[in-house]
Amino acid sequence: MNWTRKDFLDIRSLSVAEIETVLDTARAFKDIIARPIKKVPSLRGKTVVNLFIEPSTRTRVSFELAAKRLSADVVAVAQEGSSFKKGETLKDTALNLQALQADYLIIRHSAAGAAQFLAERLDARVINAGDGAHEHPTQAMLDTFTIREQLGTVSGKHVLIVGDILYSRVARSDIWALTKLGARVTLVGPATLLPEHFRAMNVSVAHDLDRALPTADVINLLRIQHERQSKAAFPSLGEYISVYGLTRERFARCKPGVLIMHPGPINRGVEIESDLADGANSVILQQVTNGLAVRMAVLYLLGGGAALE
Ligand code: CP
């Protein structure tokens with residue numbers, strides 16, 4: 001299909017055909033980044049600005065590398081050292097970056113809707129690199145890409161998303177992507193971090209991880225996002241680990257080929273035992289590599305590139 005959207009803001013509004021176009025194009029880019037010469041000229045002459053008003057390692061670096069692999073000029077703007085510190089608004093900052101000929105603005109922001117807000121005000125193409133607890137659409141694309149790559153398909157697979165669902169933009173984007181592609185999704189976590197209203201997203205809600213594990217094809221573990229929580233959601237970290245941490249003992253209840261995923265950053269010994277994060281079932285670092293291919297695909301398609309297969 002021909003890509004017609006100016007911006008890449010969420011998974012919720014994407015059709016299945018659009019999701020599959022990104023995944024197929026990312027597949028082609030994954031082959032390209034495995035070559036000795038990894039660069040292609042698709043975005044030569046274009047300027048990409050990485051505007052990250054929240055910490056990031058994986059997303060920021062992989063967008064930067066993706067843009068460079070496509071031959072774009074790349075500029076990084078962080079909160080520290082920018083005129084945000086002098087009281088400049090997000091809108092004014094973005095308009096100034098556009099006045100400096102930015103063709104793409106990739107934004108991470110603590111406010112839900114920040115990317116949409118800019119997309120409605122800029123001619124530049126806007127990509128959401130995570131907005132508050134709303135969405136993280138390229139994370140969902142790399143997660144579904146990884147499942148498809150490892151298991152052959154997403155359709156019919158049982159995916160557990162475990163932990164802090166309430167404050168997770170990854171959970172929301174993953175739910176949209178996985179359910180659109182036909183996966184069976186079960187959310188697992190304490191009731192304080194997993195309200196009943198999530199059931200309206202065509203998923204199951206469970207609070208007993210031990211019961212959910214044996215049927216899972218994929219376990220996607222989430223970090224507890226203390227930075228977005230205004231009050232404690234459980235009595236102590238030890239108590240959380242005892243009920244929701246993926247330990248060796250719990251892992252023994254899983255299917256032999258279960259995929260262990262995590263969007264990162266990992267808190268070793270909390271949501272996952274360290275050995276398991278580094279073990280044979282873990283695809284956590286493959287997710288990161290796939291993020292590069294997915295972000296190349298998104299930049300390329302927004303730039304008017306024809307879908308690749
Ligand atoms: N998964 C993810 O968004 O990681 P970063 O916060 O390091 O970008």
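Let me sum up the structure you'll find in this document. (Residues numbered from 1 in each chain as written. Predicted model: local features only at pLDDT ≥ 70, side-chain atom pairs only at ≥ 80, totals over all residues. Heavy atoms only, no water.)

Residue placement: Thr186 occurs in strand E6 (residues 184-188). Look at Thr186 and you get buried, because its relative accessible area is 6%. Those residues in contact with Thr186 that lie beyond four places of it in its chain are His158, Val159, Leu160, Ile161, Ser204 and Ala206. (Helix = DSSP H or I, 4+ residues; strand = E, 2+ residues; numbered from the N terminus. Buried < 20%, exposed > 50% of the residue type's maximum accessible area, 1.4 Å probe, protein only. Contact = heavy atoms within 4.5 Å.)

If you walk across this open sheet you meet the five strands as E7-E6-E5-E8-E9, and the pairing is parallel. Both outer strands of the open sheet, strand E7 (204-206) and strand E9 (259-261), are each paired with one neighbouring strand and no more. Ignoring which end each strand starts from, the neighbouring axes of this sheet average 20 degrees apart. By the bridge criterion, four bridges tie strand E5 (residues 158-162) to strand E8 (residues 218-221) in an arrangement that is parallel. Within E8, the residue paired with Val162 across the bridge is Leu221. (Pairing = 2+ DSSP bridges. Axes fitted to C-alpha atoms, helices over the stretch in contact; angles between N-to-C directions.)

The biggest cluster of nonpolar side chains holds 62 residues, and the ones touching the most others in it are Phe8, Phe29, Ile127, Ile161, Leu187 and Leu299. Discounting chain neighbours no more than four positions away, the residues touching Leu299 are Leu43, Phe63, Ala66, Ala67, Leu70, Tyr104, Ile106 and Ile127. Within the second largest apolar cluster, 27 residues are counted, among which are Leu193, Leu209, Ala233 and Leu246. (Core = buried A, V, L, I, M, F, W, Y, C linked by side-chain atoms within 4.5 Å.)

Unfilled space is identified by rolling a water-sized probe across the atoms. A volume near 380 Å³ is recorded for the largest pocket. Surrounding the largest pocket, 20 residues form its lining, Arg108, Arg169, Arg223, Gly264 and Pro265 being those nearest its centre. Contributing elements (two or more residues each) for the lining of the largest pocket: helix H2 (58-69) and helix H6 (169-180). When grouped by side-chain class, the residues that make up the lining of the largest pocket number five nonpolar, eight polar and seven charged. Space inside the second largest pocket adds up to approximately 280 Å³. Looking at the second largest pocket, it is lined by 21 residues, and the ones nearest its centre are Arg58, Ile266, Ile284, Leu285 and Val288. Secondary-structure elements contributing two or more residues to the lining of the second largest pocket are H2, helix H5 (137-151) and helix H11 (284-302). It is H11 that provides the largest number of residues to the lining of the second largest pocket, a total of seven residues. Among the residues making up the lining of the second largest pocket, the classes are represented as eight nonpolar, nine polar and four charged. (1 Å grid on protein atoms, 1.4 Å probe; cavity = no way out; pocket = protein on both sides within 12 Å on 5 of 7 lines; lining within 4 Å. Points joined across faces, edges and corners; volume = space filled by probe spheres on them. Nonpolar A, V, L, I, M, F, W, Y, C, P; charged D, E, K, R; others polar.)

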